[in-house]
Amino acid sequence: MRHDMQSPRRMIESSFMDAGADGSAQVDKELIAALGKIVGDGGLVSRLSELKVYECDGWTIEKSAPDLIVMPRSTEQTSAVLRTLWDRGIAFVPRGAGTGLSGGALPVNAPVMICTSRMNRIIAVDSADRRAVVESGVVNLRVSDAAREHGLFYAPDPSSQQACTIGGNIAENSGGPHTLKYGVTTNHVLGITLVLPDGEIVELGGAAEELCGYDLVGAVVGAEGTVGIVTRAILRLIRTPQAHRTFLVTFEDVESATRAVSAIIASGIVPGAIEMMDQLIVHAVEDAFHVGLPASAGAVLIVELDGLAAALDDQARTIAAIARGAGATEVRLAASDAERGALWKARKRAFGAVGRLAPNYATQDGVVPRTRLPDILRVINEVSGKYQLAIGNVFHAGDGNIHPIILYDERIPEQVRGAIDAGREILAACVAMGGSLTGEHGIGVEKQGEMPLLFSPGDLIAMAELRHVFDPAERSNPNKIIPSAGSCVEVAAPHRQVPI
Amino acid sequence: MASRPAHSIWGRKIVEYDLLFDCVHCGLCLEACPTYAISRAEMDSPRGRIYLMKALAEGRLDLDSDAVRHLDACLGCRGCETACPSGVHYGRLIEDTRSYIEGNYRRETPDLLRRGLISAIFPYPARLRILISPLRLIERAGLRPLLNRMMPRSIRSWLELLPPLASTQTSASISSPAPSSSAQTVVVHHGCVAQVLARSEIANAEALLARAGYRVIHLDRTICCGALDLHSGNRARALDFARANVRALAASGANAIVSTASGCSTAIAEYGMLLKDDDHELSEKARLVASRVTDLSNLLLKRLPMPRSFSCTVTYHDACHLAHGLGVRDAPRELLRSIPGLKLVEMVDADMCCGSAGSYNLTEPEMANALARRKADSTIATRADYVVLANPGCEFQIASELRRRGSNIRVMHLADFLAMAIRTSDE
Ligand SMILES: Cc1cc2nc3c(=O)[nH]c(=O)nc-3n(C[C@H](O)[C@H](O)[C@H](O)COP(=O)(O)OP(=O)(O)OC[C@H]3O[C@@H](n4cnc5c(N)ncnc54)[C@H](O)[C@@H]3O)c2cc1C
Ligand code: SF4
Ligand code: SF4
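Residues numbered from 1 in each chain as written. Chains lettered and ligands numbered in written order. Predicted model: local features only at pLDDT ≥ 70, side-chain atom pairs only at ≥ 80, totals over all residues. Heavy atoms only, no water.

## A closer look at the pairing of strand β3 (residues 256–259) of chain B
Residue and element names in this part refer to chain B. Burial of the side chains of β3 extends over both faces: A256 and V258 are buried on one face and I257 and S259 on the other. Both strand β1 (residues 185–189) and β3 contribute to a ladder of four bridges, which runs parallel. Residue V188 lies in a different strand from β3, and its bridge partner there is V258. (Buried < 20%, exposed > 50% of the residue type's maximum accessible area, 1.4 Å probe, protein only. Helix = DSSP H or I, 4+ residues; strand = E, 2+ residues; numbered from the N terminus. Pairing = 2+ DSSP bridges.)

What follows is the structure, encoded as structure tokens:
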């Protein structure tokens, strides 16, 4: 069963037709008053031009503005807001910073958006137990900033960490370059305060390391906002490594770079990160940030070792030898913290640098077994030729998590179509190679149509049933992840099925 | 490849349409935006504002009071340009948008009046001098607090921003040696408001430059750099001011151009772009002048004989256009650190706007005050004796908020601070 979920026809024009004469959306005045009483006037967005700004997240191919946005400041306010919506049968979509790349925060049959941007307090940093208690709207990087003076940091480091929220990270089970050694978000969340769609506040997990019973925190992490709103989390903090050795390794082609990656892993050394960038990305990044990447390289790796200073030099020698054995043309060690910082900054801003090459891009996110990296890159190359769209590759090579970046121009309809189809073909190839549809960006609306490639109808039903434990009426972020009958409607016309 | 429309068919020519596509909607700029930090809503963020511009350009949105409000609320601080990996030319986008708004949107009368007043007075030092002269008398009689109390709130907040006028009269606090004939030459652009309200900064900057071995060239008369107009959408007059400045600065022959107000130096550094469509001679001169702009701290670093010692704790606030416009962050800090006995402590979000932003604190007092409070919080948390910065606007804004809190942290321009440290250690 394949649903035509991602047709550009779904690009929804927000309907100014039903605009009130005074420029406010036609939302029930009584509802606005009730919600305003909870969050205050400043906590509501209801003007049409303001709502427009929220019509997409980092996935810009599809657009749909909410009818109303509520920005609660606390768990209690969130609970009262959801209760109010529940009583009226209104569905909602959670949103953090809107950096998501799979349309997770796109309202589909969800008239109200609940934005966590005002729940951004760091409540406590406990250095003895190495925990942080934060509200869900706290920006990822701020957690590490607050932990720094205790010699601690928060390990999951998505490239968007300067902006994305802990709530969004939890919903997408986000990873980052250092996932290779430290794991993804789910390995770092110990407890969660969740407001269920009917307004009930539940505490899952807790500060203790090992809890008995079913892992409900694990069920909420990665649920993409379909089980309610996370308002607080207890996060694990990690001791800042004493030292780093960061290499920039140059190769003539992706094949030899991949060989190096496999050989490094096989050696038993676990680097903090192994990142790869292909030629197109290297060019873009170098043009944008001038960090001295070799322009002639077919591929570069950033390999980072971290740990006790005493152990690192031996490991560093091993890594350098392995890289040369695999055909590296240059192995450069960052000489200072500043150089290391510049390398990472360039890597983390690679997406943006690519943005300088074309008006729009779509970042894909798939996983293949590490050894199949050369194969998938060959497929990507073919796909790029077939659709006449440039595709760059930057990825977490150590985990086999690829990020093909497909360049297009939204003003040219066939390019939009091409970008969508190219993405699909690449994902199908990932699955065929024994991989997965997403490493870290989530399914959202973007990859819903591909879910049946990976899961049987039985699997999908089981997932839906798990979701129903938390959200039986599907009020929280409806029509996401699981391709259901409800979501397969062609949303060509304004989609406000739920009248409010 | 299929062709693409240069404009949307219904569109407005509000900004250069292609520039809008530099923004890839990634959101990485959100936290760097001071107005987003306060309102936490995306209409008050760079991404949101660019989206509004785009919707306006494509005719998907009316130029209504909602859209204008959020575009007005932009400080023009350019924190977003630093944060953006995609190289969005936000400064140009907002300047062009403002120019479009002024031409196509009818503001409410009080707003028009306020903006008209600022525009008629600030760029002209002679007018500003006349306007504040009665205030000088009142201050001398010790009646300023009383006057402030008597005024309606809107005027009072303007008055409270003004520094003690006695302090604005000081001349250089250190002497300067005669320059050698082969010395590099520097012009200190005196700005418009600065030459009335921030004279010690200018005098000290010139004295420090002389001490560092430069020959300071004086212009006969300094004309406003045009930044104020550019930021408020009065492009035509901005261009006139820019042309006059290009002629004067080019004629001076100075090797380097600096200003004690970083908004001015950044504006001059962008003259090349601004006047690129002028006739060849002028546009070439503009490029030349622009290329000579640098910051005082760059010129002084490693050349200024430092005081023997000056024991105190200092925190440094990055003026927006210095950090985000000219990219100057390290040189002022290094200068401070090179003073023996001085301890430099970083404040949280040192490069986040204090809300001053040219005349922003006069047109958008609510947001400006919220930002001033935030800045005062992070300043006070450092427990420093001084907060040093390199822009008079920030100086007045932060000082006014610290005064209100009864804090005894002293706010000083880098030029004043260095001069004081040198004088104290010489004595
Ligand atoms: C330039 C760039 C680089 C990126 N790099 C990475 C990377 O390296 N690794 C990676 O994993 N991702 C990456 N991403 C994707 C994105 O940043 C992550 O998915 C991030 O976790 C989203 O956080 P957010 O706060 O922006 O969430 P949003 O985009 O606002 O929302 C994402 C999803 O979470 C839900 N949600 C948000 N808050 C809550 C809450 N409090 N409770 C319940 N549900 C909630 C939303 O409904 C939505 O489904 C990148 C994105 C960009 C633009
Ligand atoms: S302005 Fe830059 S950082 Fe902000 S959303 Fe656009 S591309 Fe991203
Ligand atoms: S210039 Fe400053 S206030 Fe304006 S959008 Fe950029 S960061 Fe925000």
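## A short note on the interface of chain B and chain A
Counting from both sides, the interface comprises 44 residues of chain B and, opposite them, 47 residues of chain A. Around 3,500 Å² of area is buried between chain B and chain A when both sides are counted, 51% of it from carbon and sulfur atoms. One can count seven salt bridges joining chain B with chain A. With its nearest N and O atoms 3.0 Å apart, the salt bridge here joins D18 of chain B to R411 of chain A. Among the elements of the structure, α1 (17–20), α2 (34–39), α3 (46–57), α4 (65–72) and α5 (79–83) of chain B are those that each provide at least two residues to the side of chain B that touches chain A. (Contact = heavy atoms within 4.5 Å. Buried area = accessible area lost by both parts, 1.4 Å probe. Salt bridge = Lys/Arg side-chain N within 4 Å of Asp/Glu carboxyl O.)

## Considering the domain arrangement of chain B
All names here are of chain B. Splitting chain B by domain gives domain 1 (17–104) and domain 2 (306–426). Taken over C-alpha atoms, the centre of domain 1 sits 27 Å from the centre of domain 2. Contact residues are listed per partner, giving 16 residues for domain 1 and 14 residues for domain 2. Roughly 1,200 Å² is buried in total at the junction of domain 1 and domain 2, and carbon and sulfur atoms are behind 70% of that figure. Contact with domain 2 buries area across many residues of domain 1, yet I38, L75 and C77 alone supply 41% of it, more than any other trio. (Domains from an automatic or database assignment.)

## Some words on the confidence of the model for chain B
All names here are of chain B. Overall, the prediction assigns chain B a mean pLDDT of 90, with 96% of residues at 70 or greater. Overall, residues 1–7 carries pLDDT values under 50, and its contacts beyond four positions in sequence, including any with other chains, amount to 14 contacts. Here the predicted complex carries an ipTM of 0.90, next to a pTM of 0.91. (pLDDT = per-residue confidence, 0-100.)

## What about the site of ligand 2?
Taken together, 13 residues surround ligand 2, and among them C23, C26, G27, C29 and C84 of chain B come closest. Classifying every residue of the shell around ligand 2 by side-chain character gives nine nonpolar, three polar and one charged. (Near = heavy atom within 4 Å. Nonpolar A, V, L, I, M, F, W, Y, C, P; charged D, E, K, R; others polar.)

## Points about the sheet that holds strand β6 (residues 131–135) of chain A
Residues and elements named next belong to chain A. As summarised here, the arrangement of the five strands in space is β5-β6-β10-β8-β9, forming an open sheet in which the pairing is antiparallel. Edge strands, defined here as strands with exactly one partner in the open sheet, are β5 (122–126) and β9 (201–205). Between one strand axis and the next, the sheet turns by 10 degrees as a mean value, whatever way the strands run. Looking at chain direction, β6 and strand β10 (residues 229–236) are connected through five bridges and run antiparallel. Within β10, the position partnered with E135 by the bridge is R232. (Axes fitted to C-alpha atoms, helices over the stretch in contact; angles between N-to-C directions.)

## Examining the site of ligand 1
Taken together, 34 residues form the shell around ligand 1, and within it P94, G96, T99, S160 and T165 of chain A come nearest. The environment of ligand 1 is shared, with nearby residues belonging to chains A and B. Take G100 of chain A: an N or O atom from its main chain is 2.8 Å from an oxygen atom of ligand 1. Within the backbone of G175 of chain A, a nitrogen or oxygen atom sits 2.9 Å from a nitrogen atom of ligand 1. Looking at the shell around ligand 1, the elements with two or more residues in it are β3 (92–95), α5 (166–172) and β10 of chain A. Considering each element in turn, the shell around ligand 1 owes the most residues, five residues, to α5 of chain A. In this structure, the shell around ligand 1 is formed jointly by two domains, domain 1 (8–115) and domain 2 (122–239) of chain A, each of which donates at least three residues. (Polar contact = N/O pair within 3.5 Å; in protein donor to acceptor, adjacent residues only side chain to side chain.)

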